[in-house]
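Examining the three-dimensional arrangement
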Amino acid sequence: MEKKPFVTLDKAREIAEKIPTPFHVYDEKGIVENVKAVYEAFSWNKGYREFFAVKATPNPFLMKLLAKFGCGMDCSSMAELVLSEACDITGEGIMFSSNDTPDEEFEYCAKLGGIINLDDITHIDDVLRILGSMPKTMSCRFNPGGIYEAANGIMDNPGDAKYGMTKEQLFEAYKRLKELGVERFGLHAFLISNTTSNDYYPALAKTLFELAVEIKDKLGIELSFINLSGGVGIPYKPDDTPNDIRIIGEGVHRVFDEVLVPAGLSDVAIYTEMGRFMMGPYGALITKAIHEKHTYKEYIGVDACAANLMRPAMYGAYHHITVLGKENAPCDHTYDVTGSLCENNDKFAVDRKLPKIEKNDILFIHDAGAHGFAMGYNYNGRLRSAEVLLHEDGSFEVIRRAETLKDYFSTFDCFDEFKGKLLK
Ligand SMILES: *Cc1c(COP(=O)(O)O)cnc(C)c1O
């Protein structure tokens, strides 16, 4: 699929006059159309709800935008719980799918009335000790182990993943939870990341639906919801095939009718916890070319670095780049596009075919809307950039200011000797 930037050179320049590059920009129109399509695709299921995976893009403006369309929030840390609370998303609008969870986070989640999605059977005792009794609604995370294969050759290795319970533990956990007074139960699994196949959710749904039937038969427990979690991917590369959420929703519907309905479980609500699919394509990192270097290779140095978008450095992930204003120019140059970190993996692209780039050209780095800003860090004293929301009417709004040196040094505020020097 051809990758088109959602801002023009003129718009990027207009924003850059107020907010210096680099910055992250989000496309409200794209986000809204997508969340509507997601709800439409699952509209056959009465209780359907998407819980946005906050870790992908932890910005309250974007969280509130999604919440307007009915989304809850999937949290896994104190900060994410507090963010949801600040957006007035509490109660069963919170899915707490954490792992290796500190006591105070279970406690805070319960205080907000969020749904605890237990990662492990031993956490039952932790929750009891911390809360004194079990919440009425509880969910359990399943890990089938081994290699999990959905159709079309997409597979992953849950046997190697730290998340979730074995099947035996899962049954034991539901039994105990019931004895402890839990009344509403959920089931969750996240088995493959960034799938580019419409078959992943239906295959996972079949696994979980069959398990739900077994849980009903063996334990007499009728699940209230089944959470298909995240893993629906996006086309990072121009030749990747995009997922079609409508086909995915129909696929899950078919399995629902095949497995759950005949077992008398037609009231089960389907939940999803997508992050990347909700936000990834609708965010971009905007950066300016500030240097060109000709040594053993051709380099373009930009003013962003891996601290603004870590995925290429961390996993060699591909992020498409468009040189704004040169959308139709021939890609007849080969560049490494680099940031400034003193790490040789700080490259947004390696041996990438691009149009000839001049200093001050503005680059649009695609698909940075999920795990982009969110993975930001301060290595080499680099500061996190601003986030900007481009509204449907073409106006824009800063939804997070850029960090300043003062922010960077603020954790030294307890040392009088540095106050005058660092925090001026
Ligand atoms: C990261 C995460 C998600 C979202 O995954 P995506 O692949 O971004 O959709 C959902 N649930 C849990 C528990 C996660 O850790």
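Reading the values: rules and limits
Residues numbered from 1 in each chain as written. Predicted model: local features only at pLDDT ≥ 70, side-chain atom pairs only at ≥ 80, totals over all residues. Heavy atoms only, no water. Domains from an automatic or database assignment. Buried area = accessible area lost by both parts, 1.4 Å probe. Salt bridge = Lys/Arg side-chain N within 4 Å of Asp/Glu carboxyl O. Polar contact = N/O pair within 3.5 Å; in protein donor to acceptor, adjacent residues only side chain to side chain. Helix = DSSP H or I, 4+ residues; strand = E, 2+ residues; numbered from the N terminus. Nonpolar A, V, L, I, M, F, W, Y, C, P; charged D, E, K, R; others polar. Near = heavy atom within 4 Å. Areas by Shrake-Rupley, 256 points an atom, 1.4 Å probe, with all protein chains shown as cover. Contact = heavy atoms within 4.5 Å. Axes fitted to C-alpha atoms, helices over the stretch in contact; angles between N-to-C directions. Left-handed = near helix turned anticlockwise from the far one by under 90°. Buried < 20%, exposed > 50% of the residue type's maximum accessible area, 1.4 Å probe, protein only. Phe/Tyr/Trp six-rings, centres within 6.5 Å; stacked < 30°, edge-to-face > 60°. Lys NZ or Arg CZ within 6 Å of the ring centre and 35° of its normal.

So, on to the domain arrangement of the protein chain. Structurally, the protein chain comprises domain 1 (28-280) and domain 2 (281-409). Summarising the inter-unit geometry, the C-alpha centres of domain 1 and domain 2 are found 32 Å apart. Of all residues in domain 1, E28, Y236 and G280 give up the largest surface area on contact with domain 2, accounting jointly for 32% of the area buried on that side. Applying the counting rule to domain 1 against domain 2 returns zero salt bridges. At the junction of domain 1 and domain 2, the tally comes to 13 residue pairs in polar contact (both at pLDDT 80 or more). Elements that contribute at least two residues to the side of domain 1 that touches domain 2 include exactly α2 (28-41), α3 (60-67) and α10 (276-279). Broken down by element, the residue count for the side of domain 1 that touches domain 2 peaks at six residues, all from α2. Partitioning the side of domain 1 that touches domain 2 into residue classes produces 13 nonpolar, six polar and five charged.

Here the focus is the site of the ligand. In the vicinity of the ligand lie 14 residues, with K55, G231, E273, G275 and R276 positioned nearest. With respect to the ligand, the backbone of G231 contributes an N or O atom lying 3.1 Å from an oxygen atom. Contact between the ligand and G275: an oxygen atom at 2.9 Å from a main-chain N or O atom of the residue. Relative to its unbound accessible area of 390 Å², the ligand is 91% covered by the protein chains.

Turning our eyes to something else, we now look at the side chain of N45. Residue placement: N45 occurs in the loop between α2 and β2 (49-53). At 2.9 Å, the side chain of N45 forms a polar contact with the backbone nitrogen of I270. Discounting chain neighbours no more than four positions away, the residues touching N45 are F256, V268, A269 and I270.

Two elements in contact, α2 and α3, have axes separated by 10 Å at closest approach and are oriented at 35 degrees. As α2 packs across α3, the resulting crossing turns out to be right-handed. The residues of α3 that touch α2, namely those facing E28, I31, V32 and V35, are L62, L65 and L66. Split into classes, the residues belonging to the contact of α2 with α3 amount to six nonpolar, no polar and one charged.

Within this structure, the stated rule accounts for 23 salt bridges. Across the salt bridge formed by R401 and D407, the nearest N and O atoms sit 2.6 Å from each other. Accessibility expressed as a relative area gives 52% for R401, which makes it exposed. The exposure class of D407 is partly exposed, given its relative accessible area of 28%. A single network of salt bridges, built from pairs that share partners, joins K297, D336, K347 and D351.

This part is about the packing of aromatic side chains. Here the distance between the centres and the angle between the planes together describe a pair of aromatic rings. Taken as a whole, this structure holds 15 aromatic pairs when the rule is applied. For the pair F42 and W44, a centre-to-centre distance of 6.3 Å together with 40 degrees between the ring planes defines the contact as tilted. Taking the relative accessible area as the measure of exposure, F42 reaches 0% and is therefore buried. A cation over a ring is seen here: R49 above F51, with NZ or CZ 5.5 Å from the ring centre.

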